[in-house]
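Okay, here's what each chain looks like letter by letter:
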Amino acid sequence: MVDIAECPDIERQALAINPAKTCQPIGAVYAALGIHGCMPHSHGSQGCASYLRMHLSRHFREPIITTTSSFTEGQVVFGGSGNLKMALKNLIHIYKPEVVGVHTTCSAETIGDDVPGIVEEMRRAGELPEDVKVFCASTPSYVGSHITGFANMVKAAVDAFAENGEAAEAVNVLPGFVSPSDAREIKRILKIMGTEVVVLPDVSGVIDAPMTGELKLYQEGGTKIEEIERMGASKATIALGREAGNAAGMALATNFQVPLEVLPVPIGIDNVDALLMRLSAVMGKPIPKELEEERGRLVDMMLDAHAHWYGKKVAIFGDPDVTEALTGFCVSMGMEPEHVLTGTRSKDWKAAVTMIAPKATVVDDSDLFMLHRLIKRNPVDLLIGNSYGKYIARSEGIPLIRVGFPITDRANLQHFPVVGYAGTAWLVERIGNTLLDWKEDRTPDYLVELIQ
Amino acid sequence: MSMNERSAVLSDRRRQIYKKDTADRDADIVCDVNSVAGAMSQRGCVYNGARVVLNPITDAVHLVHGAIGCAAYTCDIRGSLSSGPETYRYSFSTDMREKDVIFGGEEKLYQALRGLIEEHRPPAVFAYSTCIVGVIGDDLRAVCKRVEEETGTIVVPVQSEGFKGNKADGYHAACDALLEIIGRSDRGADSPRAINLLGEFNLAGELWVIKNYLAELGIEVVATLTGDARVAEIMQAHTAGLNAVQCAGSMTYLAKKMQKKYGIPFVKVSFFGLDDTEEALIKIAGFFDEPALVKRAWKLCRERRAAVDRELDLYRDVLKGKRAAVYMGGAFKTLSLIKAFRDLGMEVVVAGSQTGKSEDYEEIRAEAMDGAVIIDDAGVLELVELIGEQEVDILVGGVKERPIAYKSGIGFCDFNHERKRFFSGFEGLLNFAREVHATVNSPVWAAYRKITTADRRPAIADKECRFERGDGR
């Protein structure tokens, strides 16, 4: 049993135990994968690229492409410029991408490689084919988290490609660090709304591309560069999640005067409503009946199940935007969030979550060791988070609802959205019936009932 | 496309791919070099290599000095089981921030070590350095020494800056770290028949299978490096009479050092496959110069073989003629797989490794069938191409290879950290055969074949004419 003995509180300034976050580069890779025909490139040691691909592969159960500058001691002493140049030439030659999204690592940042400068130098010297776009993000692993890296890469794409243009009717949507199925669900809702839209990044159709019998490096999905170019002329930008979307949204607002609206991740009735109402206002269109009916069915499901949710204590951990939305959803079902924790540092998140769940212990920039201690002190009935929560769930004897990144111990979950009315409905079913299963598994025979 | 005309492969890479046929007998495979910049290598870094070797030491604290990622990506990924302590499953990191990078991380490392030792009281701490530590130049060794002197707890620096080489260099760093612990205490009673098992990581409980055999023969295991190991056992490893080295890629270096320092001879063994397991047990038993012991070992092998052989025949029937690709971290595993597949009536037609040395590839070349492709440090495209070209039915590899196999429409078996059933010993081959059968002959491929426009695998007639060059078929 993986348990943590009760131990006195020791202020741990210098140590993280069982991280609730990972480093910027993996977010950068994930964001870059959401651009059509893009090869993410990791400017660092070969181990970085290997770990990023492995981690993403474990979660998505899909092949993940990323090339590496393969640093050796020479680059650390003399700079990584030579390796970056060779890497770009090689990878463009072999893997034939349309776009290369270069991100940095802790070593590259500390050596002080001027990555955009090196790329520019190659461009000027005619060492890069005209038709291959290259954009770069600075993503030092020792700043922020994977969410920061994701935000930086999305912003880098906007900075590199968005253009001024004739005012268009389109709306930019920045879905944040969510599953391909979530991106797909958001697009479905927007389509029903009749909104012309640019979704950046769009990992649907890339990481959940259907089986065709052929292994392709680049799938049909992903935001096209022409679409990103048009983002500067869009009518509005809606960032779904502050931490992952704000940076790119702000860039569009500052450089192209595209009004930015930051909304929560559309999990739970209120958050989905907020998105639809905002879209409706921006487009000057009513919300179609089809979506109202979906909403009605969801409300029906919530009512059918609400009784056994009421008063249940829950701990939620994971990425800031998603945990914030999940907290609101749990409150709306009558649960009592007891602890909400993220590994990413964010005062805004802390303030927002505290507003949603004033009684909860809300901790940012922390780890799962801390979460376990909090739960030992104030026990909960349910834990919501990624696979790393399983040890806490096991030792405390509570169920774990797997939502977030990474989920390494259950297959297929990334194919089920948690956003929109449909995604929320899935959560209602999953959480409610898990609570019932859990109770029933521990019920003596004479108390088992057919009807629940 | 022949290997020589291959367009998608970098020219520098060509010498890392070798096709075994009559024309090429004398060509050498180039290996043990760093991946080409810009390549999508499947291979890890120095830290990666060091961490996988040391992580199974169950009661030690493994502290990663660096940015958070290096600890996050290695949090309980090894799949090596413990019969007791679970400390090794925790992921400890100094979680370096910008200010640590600017002002140096030594103080933070010191604080982290002191805090950890106070809080968890481990018998030893392994402190790993990562890329960033190498770049800013923290003196890991000095900090570890200071903490060890102050607290009396063993604190071992693992010099594993990622950029200092590849995964194989990480194995060396891990072995160097182990050498700092070995010899720190003596055993009370000296058993006349005591060995160490090197390069056995107790994935899915494999060590326990091997230990049961040895116990039956009356052979004591002083320390396993590093599956289900305790620090106290490792400290006594120098008292063993023999080192049996299983994962040669990671541990031959340590065996050689121990031979030099403590005069302990070593034998290379493999406990995978019927023949290899038998050979390993006889080799170990034979070392002790007791005819009765060897006789007992033969008897054990005979009985265990007989116990699984009949069921294995069932699998041999349904696996006969299937073709496998093997892409492993270490080359020695690749070699064992070639033999085990042959025992199941299958052939390995692609054999590769991330960290093989030229002598390993020499052995693989000798063992592999004609027409097999031998590859060092394969990339994704190369693997995909070879799967098609060599008409492979199953890929054996690690986490990154699994989706490549499925997307290519072939079965997959994890022979790496994520194996879920033990493959070691006689019974282990049965588990392996079951797993190979379950993926190669699964009815799900019917669904797959329905959606693909054409079966990627050529028809039988085509197959025969492809192999006219004489591959013994």
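By convention here, each chain's residues receive numbers from 1 onward along its written sequence. For this description, chains carry letters from A and ligands carry numbers from 1, given in the order in which they are written. Per-residue local features of the predicted model are confined to residues with pLDDT of at least 70, and side-chain atom pairs are confined, for both listing and counting, to 80 or more; whole-chain, interface and lining totals are unaffected and use all residues. Water and hydrogen atoms were dropped before computing side-chain values, which therefore reflect all heavy atoms in the structure.

## Re the overall build of chain B
Then step 1. Scanning chain B from terminus to terminus reveals 19 helices and 14 strands.
Then step 2. Considering only contacts within chain B whose residues lie at least 6 apart along the sequence, 73% involve residues at least 24 apart.
Then step 3. Accessible areas in this description were obtained via Shrake-Rupley with a 1.4 Å probe; residue shielding takes into account the shown protein chains only. When the accessible surface of chain B is summed, it comes to about 17,000 Å², and 50% of that surface belongs to carbon and sulfur atoms. Under the DSSP-based scheme used, a helix requires at least four consecutive residues in state H or I and a strand at least two consecutive residues in state E, with every element numbered from the N terminus. In what follows, a contact means two residues having at least one pair of non-hydrogen atoms within 4.5 Å.

## Regarding the pairing of strand β2 (residues 61–65) of chain B
Residue and element names in this part refer to chain B.
Then step 1. Exposed residues in this analysis have more than 50% of their type's maximum accessible area, buried residues have under 20%, and partly exposed residues fall in between, with area computed by a 1.4 Å probe over protein chains only. Burial analysis of β2 places five of its five residues in the buried class, the great majority of the element.
Then step 2. Of the two faces of β2, the one lined by Val61, Leu63 and His65 and the one lined by His62 and Val64 are each fully buried.
Then step 3. Summarising the sheet, β2 and strand β3 (residues 92–93) pair through two bridges and their orientation is parallel. Residue pairing in the sheet places Val64 in a bridge with Ser93 of β3. For two strands to be treated as a pair, DSSP must find no fewer than two bridges joining them.

## Considerations on the pattern of salt bridges
All names here are of chain B.
Then step 1. Any Lys or Arg side-chain nitrogen located within 4 Å of an Asp or Glu carboxyl oxygen qualifies as a salt bridge. For the structure on display, the rule yields 57 salt bridges over all chains.
Then step 2. A salt bridge links Arg230 to Asp228; the shortest N-O distance between them is 2.9 Å. This pair shows no difference in class: Arg230 is buried, exactly as Asp228 is.
Then step 3. A salt bridge links Asp276 to Lys339; the nearest nitrogen and oxygen atoms lie 3.1 Å apart.

## Focus: the sheet that holds strand β7 (residues 220–226) of chain B
Residues and elements named next belong to chain B.
Then step 1. Overall, parallel pairing links the four strands, which are arranged β7-β6-β8-β9 in an open sheet. Only two strands of the sheet have a single partner each, and these edge strands are β7 and β9 (266–268). Strand-to-strand twist of the sheet, defined as the mean angle between neighbouring strand axes without regard to direction, takes the value 20°.
Then step 2. Direction of pairing for strand β6 (residues 194–200) relative to strand β8 (residues 242–245): parallel, over a ladder of four bridges. Bridged to Asn196 within β8 is Asn243. Helix axes are fitted only over the stretch in contact, all axes being lines through C-alpha atoms; the angle between N-to-C directions runs from 0 to 180 degrees.

## Some details on the domain arrangement of chain B
All names here are of chain B.
Then step 1. Along its sequence, chain B is organised into domain 1 (15–36 + 315–466), domain 2 (46–181) and domain 3 (194–303).
Then step 2. When each unit is reduced to the centre of its C-alpha atoms, the spacing between domain 2 and domain 3 is 27 Å.
Then step 3. Taken together, the contact pairs 25 residues of domain 2 with 23 residues of domain 3.
Then step 4. Both sides together, the interface formed by domain 2 and domain 3 hides about 2,000 Å², and carbon and sulfur atoms give 67% of it.
Then step 5. Among the residues of domain 2 in contact with domain 3, Leu81, Leu179 and Ile181 are the three that bury the most area, contributing 27% of the side total. Domain delimitation follows an automatic or database domain assignment. Throughout, the accessible surface (probe 1.4 Å) given up by two parts as they are put together, summed over both, is called the buried area.

## Quick look at the side chain of Asn202(B)
Residues and elements named next belong to chain B.
Then step 1. Within the element layout of this structure, Asn202 appears in the loop between β6 and α8 (206–217).
Then step 2. Within the structure, Asn202 has its side chain in polar contact with the backbone nitrogen of Glu206 (distance 3.2 Å).
Then step 3. By the criterion applied in these results, polar contacts are pairs of N or O atoms within 3.5 Å in which, for protein atoms, one can donate a hydrogen and the other can accept it, and in which residues neighboring in sequence qualify only through two side-chain atoms. Engagement of the side chain of Asn202 in a polar contact is seen with the backbone nitrogen of Leu207, the distance being 3.0 Å.
Then step 4. Apart from the residues within four sequence positions on either side, Asn202 is in contact with Gly79, Ser80, Leu81, Ser82, Leu207, Trp208, Gly227 and Asp228.

## Quick look at the nonpolar core
Then step 1. The set of buried Ala, Val, Leu, Ile, Met, Phe, Trp, Tyr and Cys residues whose side-chain atoms join them within 4.5 Å is what this entry labels a nonpolar core. Core analysis: the largest hydrophobic core is formed by 199 residues, its most contacted members being Phe126(B), Ile195(B), Leu254(B), Ile284(B), Phe341(B) and Phe432(B).
Then step 2. No other element matches the nine residues that helix α7 (residues 167–181) of chain B contributes to this core.
Then step 3. Those residues in contact with Phe432(B) that sit more than four places away from it in its chain are Phe272(B), Leu337(B), Phe341(B), Leu344(B), Cys413(B), Phe415(B) and Phe423(B).
Then step 4. In this structure, Val265(A), Leu291(A), Val314(A) and Met333(A) belong to the second largest nonpolar core, which totals 56 residues.

## Let's talk about the interface of chain A and chain B
Then step 1. Each partner contributes to the interface: chain A provides 71 residues, whereas chain B provides 67 residues.
Then step 2. Taken together, chain A and chain B are joined by five salt bridges.
Then step 3. The partner of Lys21(A) in a salt bridge is Asp95(B), with the nearest N and O atoms 3.3 Å apart.
Then step 4. For the pair chain A and chain B, the number of links is 17 residue pairs in polar contact (both at pLDDT 80 or more).
Then step 5. Contributions of two or more residues to the side of chain A that touches chain B are made by β1 (16–17), α2 (46–60), β3 (67–68), α3 (73–78), α4 (81–95), α5 (106–111) and α15 (368–377) of chain A.
Then step 6. Considering every element that reaches the side of chain A that touches chain B, the biggest residue donor is α2(A), with 10 residues.
Then step 7. Across two bridges, β1(A) lies against β3(B) in antiparallel orientation. Considered in β3(B), the bridge of Ile17(A) is made with Phe92(B).

## Digging into the packing of helix α1 (residues 24–33) of chain A against α2(A)
Residue and element names in this part refer to chain A.
Then step 1. Running from amino to carboxyl end, α1 crosses α2 at an angle of 60°, the nearest separation of the two axes being 10 Å. In terms of orientation, α1 lies oblique with respect to α2. Relative to α2, the crossing made by α1 is right-handed. Across the interface between the two elements, Pro25, Ile26, Val29 and Tyr30 of α1 pack against Leu52, His55, Leu56 and Phe60 of α2. By the definition adopted for this analysis, an angle is roughly parallel if under 35 degrees, roughly antiparallel if over 145, roughly perpendicular if from 65 to 115, and oblique otherwise. Crossing handedness is defined as follows: a turn of the near helix away from the far one that is anticlockwise and smaller than a right angle gives a left-handed crossing, while the clockwise case is right-handed.

## Examining the confidence of the model for chain B
Then step 1. Across the chain, each position has a pLDDT score giving the predictor's confidence in that residue, from 0 to 100. Mean pLDDT for chain B: 86, with 87% of residues reaching 70 or above.
Then step 2. Note on residues 456–473 of chain B: pLDDT under 50 across the span, and 25 contacts to partners over four residues away in sequence or across chains.

## Some details on a nonpolar patch on the surface
Residues and elements named next belong to chain A.
Then step 1. Residues enter patches when their relative accessible area tops 30% and they take part in no salt bridge; the joining distance is 9 Å for like charges and 5 Å for the nonpolar side chains Val, Leu, Ile, Met, Phe, Trp and Tyr. A cluster of nonpolar side chains, Val331, Met355 and Ile356, forms an exposed patch at the surface whose accessible area comes to about 280 Å².
Then step 2. Relative to the helices and strands, Val331 resides in helix α13 (residues 320–332).
Then step 3. A residue is classified by how much of its surface remains accessible, and Val331, at 33% relative accessible area, is partly exposed.

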